[in-house]
Amino acid sequence: MESDSYDLLDRQLAHALQLNGRAPFSRIARALGVSDQTVARRYARLVGTGALRVLGLSAPHALGEERWLLRVQCTPDAAGTLAEALARREDTTWVGLSAGGTEINCGTRFHPDQQDGTLLLQRLPRTPSVVGVTAQCVIHTFFGGAQGLAIKSGALTAEQVALLLDGTPAPTGPPPALERADRRLLDALAVDGRANLTDLAAATGWSAATVRRRMDELERHGALYYDLDLDWRVFGLRTTALLWLSVPPSRLAATGEALAAHPELAFVCATTGPTNLHAVLLCPDVRSVYTYLTTRIAALDAVDRVESAPVLRTVKGPGPFRRPPTRAARPATAPAPG
């Protein structure tokens with residue numbers, strides 16, 4: 001679907017689902033001022049064309065996991081094959097190609113005691129087609145995870161947002177210990193965050209009532225959140241660019257918070273490594289990247305250096321890896337390190 005096929009109702013629906021991924025259509029309809037049937041039809045249209053998926057994702061901190069961002073420089077002939085191999089790994093959260101197809105950008109998460117995760121960091125430099133690897137640990141997230149770019153869109157009024165969030169408890173800790181059935185529940189929700197309770201009960205071996213109770217508990221403790229795998233042309237955004245910035249440590253928190261408030265940024269975090277801030281920019285076109293760098297970034301006097309790279313293709317978006325169907329190319333989705 002082209003960007004001119006989307007309208008305000010599509011954007012409002014995406015905004016509503018980012019706020020409350022499992023909200024009943026009746027509640028969304030009340031907030032949007034349309035009928036339940038209209039919301040259901042519009043949702044089915046977006047899902048059926050691959051423009052939108054609601055995903056239920058586990059929060060890394062709930063599993064005691066670390067998040068890493070990898071930049072893998074490789075030979076052009078091997079980049080696509082290696083990117084797909086990384087995308088098939090369960091511990092990768094996002095995989096994209098940039099730098100003219102010679103660099104793979106990858107988000108990964110693993111428990112510090114999990115040898116398989118650290119083996120990925122050790123194995124990549126020894127891969128013949130890889131000519132360089134930079135690995136940076138995410139040490140703080142300013143914007144991302146349960147906070148998606150759709151909530152910055154302004155598609156909904158403050159009153160509509162309040163209606164959709166009414167009764168939603170603020171996360172409290174600590175997260176509960178996860179059981180084997182919890183893992184099956186999270187796996188099912190990562191494929192379809194709006195899966196019905198009957199299907200989730202079948203996946204876990206629990207009753208529907210137990211599934212509902214456990215989901216409420218995981219959400220309440222911040223272990224489970226909902227995100228969108230969204231074709232950003234719904235909002236007229238066609239270009240994704242990755243940014244790496246360097247700021248003095250004394251200005252790191254303030255600069256990260258300032259970046260998090262920018263409506264163009266889908267993800268902002270502090271990292272270890274040669275740069276200490278990473279951000280994901282979504283904008284209408286490549287010319288808009290120049291405008292963003294020379295206005296909003298230029299206004300941040302703490303930024304010493306910035307590197308940017310447009311994403312050419314997203315190999316893996318949020319949720320489990322799915323080989324995309326043969327259809328017109330869609331713009332890169334925003335990385336979701338988790």
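Just so we're clear, the structure is a prediction, and the values are computed from it rather than from any experiment.

Draft legend 1. A look at the packing of helix α2 (residues 25-32) against helix α3 (residues 36-48). The contact between α2 and α3 brings their axes to 8 Å, and the two run at 105°. By the angle class used here, α2 and α3 are roughly perpendicular. Contact residues: α2 offers F25, S26, I28 and A29, while α3 offers D36, V39, A40 and Y43. When its residues are assigned to classes, the contact of α2 with α3 shows 6 nonpolar, 1 polar and 1 charged.

Draft legend 2. Region of the structure containing α2. Among the residues making up α2, those that are buried are R27, I28, A29, A31 and L32. Where α2 is buried, its residues contact α1 (8-19), α3 and α6 (158-165). Following α2 by one or two positions, G33 has its phi on the positive side, about 75°.

Draft legend 3. Fine view of the environment of P174. Of note, P174 is situated in the loop between α6 and α7 (180-191). The exposure class assigned to P174 is exposed, which follows from its relative accessible area of 65%. With 43 residues separating them along the chain, P174 and V131 place their C-alpha atoms 42 Å apart.

Draft legend 4. Highlighting the sheet that holds strand β3 (residues 92-98). Spatial strand order, β2-β4-β3-β10-β7-β9-β8-β5: 8 strands in a closed barrel with antiparallel pairing. Mean inter-strand twist for the sheet, computed between neighbouring axes without regard to direction, equals 35°. With 6 bridges connecting them, β3 and strand β4 (residues 103-110) associate as antiparallel partners. The partner of S98 across the bridge, within β4, is E103. The sheet strands contacting helix α10 (residues 252-260) are β5 (130-143), β7 (239-246), β8 (265-271) and β9 (277-283), and the helix crosses β5 at an angle near 85°.

Draft legend 5. Seen up close, helix α4 (residues 76-87). In this model α4 runs 17 Å from its N-terminal to its C-terminal C-alpha over 12 residues, within 8% of the 16 Å that 1.5 Å per residue would give. Three or more residues of α4 are buried, namely A78, A79, L82, A83, E84, L86 and A87.

Draft legend 6. Representation of the pairing of β7 in the model. Counting buried positions along β7 gives 8 out of 8 residues, so the element sits mostly inside the fold. Across the two faces of β7 the burial is the same, with T239, A241, L243 and L245 and T240, L242, W244 and S246 all buried. Pairing between β7 and β9: 7 bridges, direction antiparallel. Note that in β9 the partner of W244 across the bridge is H278. Bridge count between β7 and strand β10 (residues 305-316): 6 bridges; the pairing is antiparallel. Looking across to β10, one finds that L242 is bridged to A309.

Draft legend 7. Inspection of the packing of aromatic side chains at higher detail. For the structure shown, the criterion picks out 2 aromatic pairs. Seen from their ring centres, F25 and Y43 are 5.3 Å apart, and the 55° between their planes marks the pair as tilted. One end of the pair, F25, is in helix α2; the other, Y43, is in helix α3, with 18 residues separating them in the sequence. Where W232 meets F235, the ring centres are 5.8 Å apart and the plane angle is 35°; that geometry is what we call tilted. A residue is classified by how much of its surface remains accessible, and W232, at 7% relative accessible area, is buried. Under the relative-accessibility criterion, F235 is labelled buried at 17%.

Draft legend 8. Structural view of the environment of A208. Relative to the helices and strands, A208 resides in helix α9 (residues 208-220). In the structure, A208 is positioned 169 residues away from V39 in sequence and 25 Å away in space, judged by C-alpha atoms.

Cut-offs used in this document
The residue numbering used here restarts from 1 in each chain and proceeds along that chain's sequence as written. At least 70 in pLDDT is required for a residue's local features to be given in this predicted model, at least 80 for side-chain atom pairs to be given and counted, and no such filter applies to totals for whole chains, interfaces and linings, which use all residues. Note that the side-chain values use all heavy atoms of the structure and ignore hydrogens as well as water. Think of each axis as a best-fit line through the C-alpha atoms, taken over the contacting stretch in the case of a helix, with angles from 0 to 180 degrees between the N-to-C directions. Strands here mean DSSP runs of E at least two residues long; helices mean DSSP runs of H or I at least four residues long; both are numbered from the N terminus. Under this scheme an angle from 65 to 115 degrees is roughly perpendicular, one under 35 degrees roughly parallel, and one over 145 degrees roughly antiparallel; angles in between are oblique. Two residues qualify as a contact provided that any one of their heavy atoms is within 4.5 Å of a heavy atom in the partner residue. Under the scheme applied, nonpolar residues are Ala, Val, Leu, Ile, Met, Phe, Trp, Tyr, Cys and Pro; charged residues are Asp, Glu, Lys and Arg; polar residues are all the others, including Gly. Buried means the residue's accessible area, taken with a 1.4 Å probe over protein chains only, is under 20% of the maximum for its type, while exposed means over 50%, and partly exposed covers the values in between. Pairing between strands is defined by DSSP: at least two bridges between the two strands are required. By this rule, a helix spans an expected 1.5 Å times one less than how many residues it contains. Only centres within 6.5 Å qualify two rings of Phe, Tyr or Trp (six-membered ring in Trp) as a pair; their planes then separate them into stacked at under 30 degrees, edge-to-face at over 60, and tilted for everything else.

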